Amino acid sequence: NMKVITVKQNQTIFDLAIENYGSCEAISEILNNNPNIRNDKTALTALGINYLTDGAFYLDAPVKPGFELQVDPDSQFIKTSVTKEITNEVTTFNL
C-alpha cells in the first residue's frame, strides 16, 4: 500500500526523503517507486540546464511541483526516532 503525496514548490528529492522517510537513505527507493519523476523545468532553466535536450533527473534540483509521489509507509528506510519535529515545509532549493 503506497501513500501518495503531492510535491510542493522547491522540494528536492533530498527534502522529500527527509520529510517522508526521515533519512536521505530512501532516495534510491523513491526513484525506484517513481520512475516518471521529473525536475521542475523553471528551476532547470534557472540553473542553465536545457530540459529539452537533457532528460536527466537532477537530485539537487527541485522536483516538478504537483507531482504525485509514491511513498512506501512500510519501508525499511523509514526512521521513526524523532530528534526534533519538523513543523514547517521542507524545501532547501530557493529560486
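Residues numbered from 1 in each chain as written. Predicted model: local features only at pLDDT ≥ 70, side-chain atom pairs only at ≥ 80, totals over all residues. Heavy atoms only, no water.

## Side note on the overall build of the protein chain
Counting secondary structure elements, the protein chain contains 3 helices and 2 strands. Its helices and strands taken in sequence order, the protein chain reads β-α-α-α-β from the N to the C terminus. The C-alpha atoms of the protein chain give 13 Å as radius of gyration, which agrees with the globular expectation for 95 residues (12 Å, within 12%). The dimensions of the protein chain, computed from C-alpha atoms along their principal axes, are 40 × 25 × 20 Å. (Helix = DSSP H or I, 4+ residues; strand = E, 2+ residues; numbered from the N terminus. Rg over C-alpha atoms; globule rule 2.2 N^0.38 Å.)

## Things to note about the side chain of Gln-11
By the element assignment, Gln-11 lies in the loop between strand E1 (3-6) and helix H1 (13-21). Residues within four places of Gln-11 in sequence aside, it is in contact with Leu-16, Glu-19, Pro-62, Val-63, Val-90 and Thr-91. (Contact = heavy atoms within 4.5 Å.)

## Describing H1
Within the span of H1, buried status applies to Ile-13, Asp-15, Leu-16, Ala-17, Asn-20 and Tyr-21. On its buried face, H1 is in contact with E1, helix H2 (27-33) and strand E2 (68-71). Backbone geometry just after H1 places Gly-22 at a positive phi near 85°. (Buried < 20%, exposed > 50% of the residue type's maximum accessible area, 1.4 Å probe, protein only.)

## Section: the pattern of salt bridges
Pairing between side chains becomes possible if they bear opposite charge and their charged atoms approach one another. Tallied over the entire structure, the rule returns 2 salt bridges. When the shortest N-O distance is used, the salt bridge between Lys-8 and Glu-19 registers 3.2 Å. Placement of the pair is Lys-8 in the loop between E1 and H1 and Glu-19 in helix H1, with a sequence separation of 11 residues. Since its relative accessible area comes to 31%, Glu-19 is described here as partly exposed. In this structure, Glu-25 engages Lys-79 in a salt bridge whose closest nitrogen and oxygen atoms are separated by 3.2 Å. Remark: Lys-79 occurs in the segment after E2 and Glu-25 occurs in the loop between H1 and H2; sequence separation between them is 54 residues. (Salt bridge = Lys/Arg side-chain N within 4 Å of Asp/Glu carboxyl O.)

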